[in-house]
Amino acid sequence: MLSAARLIRKQDVCPACRKVLLFLPPPVPGVLCWCCSGRAAVKDPTAVERANLLNMAKLSIKGLIESALSFGRTLDSDYPPLQQFFVVMEHCLKHGLKVRKSFLSYNKTIWGPLELVEKLYPEAEEIAASVRDLPGLKTPLGRARAWLRLALMQKKMADYLRCLIIQRDLLSEFYEYHALMMEEEGAVIVGLLVGLNVIDANLCVKGEDLDSQVGVIDFSVYLKSDDDIGGKERNVQIAAILDQKNYVEELNRQLNSTVSSLHARVDSLEKSNTKLIEELAIAKNNIIKLQEENHQLRSENTLILMKTQHHLEAAKVDVEAELQTYKHSRQGLDEMYSEARRQLREEAQLRQDMENELVVQVSMKHEIELAMKLLEKDIHEKQDTLIGLRQQLDEVKAINVEMYQKLQVSEDAMKEKNEIISRLEDKTNQINATMKQLEQRLQQAEKAQMEAEAEDEKLKQEYVNKSESLQNEFSQKEKQLLQLETDLKIEKEWRQTLEDDLQKEKETVSHLRTETQEIVTLKKEFLKLQEKNKQLKSTCEDQEAALQELASKLSESKLKIEDIKEANKALQGQVWLKDKEATHCKLCEKEFSLSKRKHHCRNCGEIFCNACSDNELPLPSSPKPVRVCDSCHALLIQRCSSNVP
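The written sequence of each chain sets the order in which its residues are numbered from 1. Under the rules for a predicted model, residues below a pLDDT of 70 receive no local features and side-chain atom pairs below 80 are neither given nor counted, while totals for whole chains, interfaces and linings still include all residues. Values reported for side chains reflect all heavy atoms of the structure, with hydrogen atoms and water molecules removed beforehand.

Comments concerning the overall build of the chain
A run of H or I in DSSP counts as a helix once it spans at least four residues, and a run of E counts as a strand once it spans at least two, with each numbered from the N terminus. The secondary structure content of the chain amounts to 14 helices and six strands. Each residue gets one of three labels from its accessible area relative to the maximum for its type: buried under 20%, exposed over 50%, partly exposed in between, using a 1.4 Å probe on protein chains only. Looking at the chain as a whole, 33% of its 645 residues qualify as buried. Whether two residues are in contact is decided by their heavy atoms, any of which lying within 4.5 Å being enough. In the chain, of all internal contacts separated by at least 6 residues, the share reaching a separation of at least 24 is 66%. Each accessible area is a Shrake-Rupley estimate made with a 1.4 Å probe; only the visible protein chains count as cover when residues are assessed. When the accessible surface of the chain is split by element, carbon and sulfur atoms take 53% of a total near 41700 Å².

Observations concerning the nonpolar core
Within this scheme, the nonpolar core is defined by two criteria: the residues are buried Ala, Val, Leu, Ile, Met, Phe, Trp, Tyr or Cys, and they are joined through side-chain atoms within 4.5 Å. The biggest cluster of nonpolar side chains holds 81 residues, and the ones touching the most others in it are Leu82, Phe85, Trp147, Met157, Tyr175, Leu193 and Leu196. For this core, the element with the most residues is helix 2 (residues 45-71), which contributes 10 residues. Ile287, Leu290, Ile368 and Val396 belong to the second largest nonpolar core, which has seven residues in total.

Re helix 4 (residues 111-120)
Listed as buried for helix 4 are Trp111, Gly112, Pro113, Leu114, Leu116 and Val117. Those residues of helix 4 that are buried are in contact with helix 3 (80-94), helix 5 (125-133), helix 6 (140-154), helix 7 (157-166) and helix 8 (168-171).

Here's the deal with the packing of helix 7 against helix 9 (residues 184-192)
It is the contact of helix 7 with helix 9, at a shortest axis distance of 9 Å, that shows an interaxial angle of 160 degrees. Here helix 9 runs roughly antiparallel to helix 7, going by the angle between their axes. Helix 7 and helix 9 meet at a crossing whose hand is left-handed. For the pair helix 7 and helix 9, contact is made by Ala158, Leu161, Arg162 and Ile165 and by Gly186, Ala187 and Val190, respectively. By the convention adopted, Pro, Cys, Tyr, Trp, Phe, Met, Ile, Leu, Val and Ala count as nonpolar, Lys, Arg, Asp and Glu as charged, and the other residues, Gly among them, as polar. Considered class by class, the residues forming the contact of helix 7 with helix 9 number five nonpolar, one polar and one charged. The convention used is that axes are lines fitted to C-alpha atoms, helices contributing only their stretch in contact, and that angles between N-to-C directions extend from 0 to 180 degrees. Here the angle decides the label: under 35 degrees means roughly parallel, over 145 means roughly antiparallel, 65 to 115 means roughly perpendicular, and every other value means oblique. Left-handed describes a crossing whose near helix is turned anticlockwise from the far helix by less than a right angle; the clockwise case is right-handed.

Describing the confidence of the model for the chain
Each residue carries a pLDDT score, the predictor's own confidence in it, on a scale running from 0 to 100. Confidence in the prediction for the chain averages 76 pLDDT; 78% of positions are at 70 or higher. The least confident element of the chain, judged by mean pLDDT, is helix 1 (residues 34-37) at 48; the most confident is strand 4 (residues 607-608) at 90. Residue range residues 1-12 is modelled with pLDDT below 50. Its contacts to residues more than four positions away, or to other chains, number 32 contacts. A low-confidence stretch, residues 37-42 stays under pLDDT 50, and its non-local contacts, those more than four residues away or across chains, total five contacts.

As for the side chain of glutamate 505
Summarising the element assignment, glutamate 505 is placed in helix 13 (residues 460-571). You can call glutamate 505 buried: its relative accessible area is 9%. Residues contacting glutamate 505, with those up to four places away along its chain left out, are Glu347, Arg351 and Ile420.

Looking at the pairing of strand 6 (residues 625-628)
The pairing criterion for strands is at least two bridges between them, as found by DSSP. Sheet analysis places strand 5 (residues 615-618) next to strand 6, joined by four bridges and oriented antiparallel. Bridged to glutamate 616 within strand 6 is arginine 627. Counted along the chain from strand 5 to the antiparallel partner strand 6, the turn is six residues long.

Remarks on the pattern of salt bridges
When a carboxyl oxygen of Asp or Glu lies within 4 Å of a side-chain nitrogen of Lys or Arg, that pair is called a salt bridge. Tallied over the full model, the rule gives 10 salt bridges. Across the pair arginine 162 and aspartate 159 runs a salt bridge whose closest N-O atoms are separated by 3.3 Å. Pair noted here: arginine 162 and aspartate 159 are both in helix 7, with a separation of three residues, about one helical turn. Three or more residues joined by partner-sharing salt bridges are found here, namely Glu90, Lys94 and Arg145.

Here we look at helix 9
Looking at helix 9, one finds that the buried residues are Glu185, Gly186, Ile189, Val190 and Leu192. Across the axial projection of helix 9, the buried residues extend over an arc of 160 degrees, all falling on one side. Arc definition: it is the arc formed by the directions from the helix axis to the C-beta atoms.

A look at the packing of aromatic side chains
Any two rings among Phe, Tyr and Trp, with Trp reduced to its six-membered ring, count as a pair given centres within 6.5 Å; such a pair is stacked if its planes are under 30 degrees apart, edge-to-face if over 60, and tilted if neither. Taken as a whole, this structure holds three aromatic pairs when the rule is applied. With 5.8 Å between their ring centres and 45 degrees between their planes, tryptophan 147 and tyrosine 160 make a pair best called tilted. Here tyrosine 160 lies in helix 7 and tryptophan 147 lies in helix 6, a separation of 13 residues in the sequence. The same class applies to tryptophan 147 as to tyrosine 160, namely buried.

A few points about the packing of helix 4 against helix 5
For the pair helix 4 and helix 5, interaxial distance at closest approach is 8 Å and the crossing angle is 135 degrees. When the axis of helix 4 is compared with that of helix 5, the two are oblique. In terms of crossing hand, the pair formed by helix 4 and helix 5 is left-handed. Here helix 4 contributes Trp111, Glu115 and Glu118 to the contact with helix 5, which in turn contributes Glu125, Ala128, Val131 and Arg132. Of the residues assigned to the contact of helix 4 with helix 5, the class counts are three nonpolar, no polar and four charged.

Examining unusual backbone geometry
Non-glycine residue lysine 155 carries a positive phi angle of around 60 degrees. For lysine 155, the position within the fold is in the loop between helix 6 and helix 7. Assessed through its relative accessible area of 30%, lysine 155 is described here as partly exposed. Positive phi outside glycine occurs at glutamate 589, with the angle close to 60 degrees.

Details of the environment of histidine 311
Within the element layout of this structure, histidine 311 appears in helix 10 (residues 226-329). On the accessibility criterion, histidine 311 (31% relative accessible area) is partly exposed. C-alpha separation for the pair histidine 311 and methionine 414, spaced 103 residues apart in sequence, amounts to 9.9 Å.

Section: the environment of glutamate 499
Secondary-structure assignment places glutamate 499 in helix 13. Residue glutamate 499 is classed as partly exposed on the basis of its relative accessible area of 32%. In sequence terms glutamate 499 and glutamine 343 are 156 residues apart; their C-alpha atoms lie 8.5 Å from each other.

So this is what it looks like as structure tokens:
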């Protein structure tokens with residue numbers, strides 16, 4: 001802001017019309033102004049006026065800030081640079097105003113656009129109300145001048161005029177299209193007015209005659225010699241060096257704050273990491289317990305398979321023996337035995353299906369074991385997914401419990417089948433015993449017939465005598481045949497009971513098939529769990545990448561902090577003066593005594609009296625306000641104002 005304005009020198013004045021040559025390149029002897037040289041037709045006169053007013057505003061604001069910081073006090077209404085500033089602002093606001101016709105005369109004042117600020121910015125209502133209540137103001141121009149002074153005292157002039165410039169549609173009612181407030185120069189002036197927030201002004205509006213003041217810009221205030229310009233350039237260079245120092249100190253402070261926040265974040269991450277490690281240990285213990293349960297289930301399954309195989313082999317041997325005995329016994333029983341063979345084949349097929357299903361279950365358990373191993377590896381790699389893994393472990397526990405229950409149910413079914421098989425074995429033993437008795441009786445009958453035929457040849461005569469005895473024996477044999485028929489009926493009933501038992505076994509086989517379907521559904525759920533694990537892996541990888549980025553940023557910030565510390569060591573060349581070494585104040589050079597005590601300046605380290613060091617400002621070394629001498633106070637305020645855009 002301050003470097004943009006060029007100081008007016010005596011050579012920058014036109015020799016013909018004595019106008020200031022603000023917008024020419026560095027002055028050349030004999031060069032006239034735009035009007036006198038005849039080159040005014042090349043440029044737009046309104047653009048030249050806007051540029052002139054912008055430069056005058058820059059010069060007035062710069063001079064006002066420099067003079068206020070050098071004196072270090074509040075400004076009064078009698079201060080000449082302040083009066084010139086108000087005159088320049090009045091000219092800027094008047095540029096391009098439209099002339100409004102009234103009943104008596106033409107009206108051209110700046111009070112109209114300033115009244116709009118009250119509607120656009122609610123805080124400006126107090127200024128407008130106080131300006132209207134002032135008794136000595138009679139003209140709109142006087143009210144506008146009072147409004148500008150009150151806005152400067154409130155340090156809100158830049159905010160009020162910014163709201164006004166934004167509303168171009170409303171300003172077009174008061175200004176021409178080429179006016180300063182309608183172009184970019186108005187926005188630049190509003191940006192320059194932000195620097196006036198550093199200045200404290202105490203203006204008395206009541207006693208001034210604002211209606212009759214003549215607003216003429218005095219250019220003699222801005223005319224300076226070459227020696228003053230050289231000193232100013234040196235001061236500007238010194239101010240730039242001090243600004244760089246302040247910038248480095250502020251950077252150091254910001255980096256320290258970022259490092260502290262990063263340390264706090266690292267501590268929180270370490271705490272969360274310890275918690276996750278503890279949870280990992282708990283999860284490992286749970287996995288070991290589940291593995292032990294799986295081993296127990298495997299051993300039980302193997303025992304069940306061995307028992308079923310032994311029972312099947314025994315049943316096959318018994319069935320084959322029964323078939324051989326039935327073949328030798330009678331032809332009428334062959335058909336029944338063929339049906340029994342078919343039934344036994346169906347039972348064998350069903351048992352083979354059961355064995356296949358058991359093999360499938362065993363393979364499923366192997367797959368579950370592999371999945372558990374994969375989960376263990378994922379647990380070691382992923383610490384942030386322990387909560388999801390807990391839920392998965394609970395689900396696996398529930399599945400194992402269901403499998404255990406189903407195995408118990410299958411064991412109960414196998415026990416029932418074993419009881420049925422034992423019953424069948426007892427029945428077959430009884431049938432074998434009855435068949436043996438029948439065979440013995442048949443052999444005895446055949447022997448009796450042979451003996452009877454021999455006796456018939458020898459004792460035909462005795463046959464007549466013993467016919468009655470033979471008839472008795474025949475009746476006895478008929479009774480024996482009746483007994484055999486009853487035995488056959490009993491055997492048929494036993495066969496029917498065996499068929500009923502086979503139907504029950506078929507029902508159990510259907511039940512086992514439903515259980516296999518449930519196992520298939522469990523497979524699908526296991527696949528879903530694998531997909532969830534893949535998603536958790538992806539999230540874990542993203543988090544690891546984010547942690548790596550944080551680590552890289554931490555290393556970069558540490559390197560920057562070390563560089564800044566080295567720069568601070570080079571910059572910190574100030575010495576804290578001892579109390580014994582100073583007997584007089586450095587500014588006023590008065591001798592110290594009991595009433596006039598010594599005070600250190602926290603910025604330069606020198607010793608001053610209380611009157612020369614009664615200021616307090618926050619420094620880069622301490623955020624709280626500390627004691628500063630008058631010269632350091634003025635320098636620091638000047639740096640702050642130069643840093644303002």
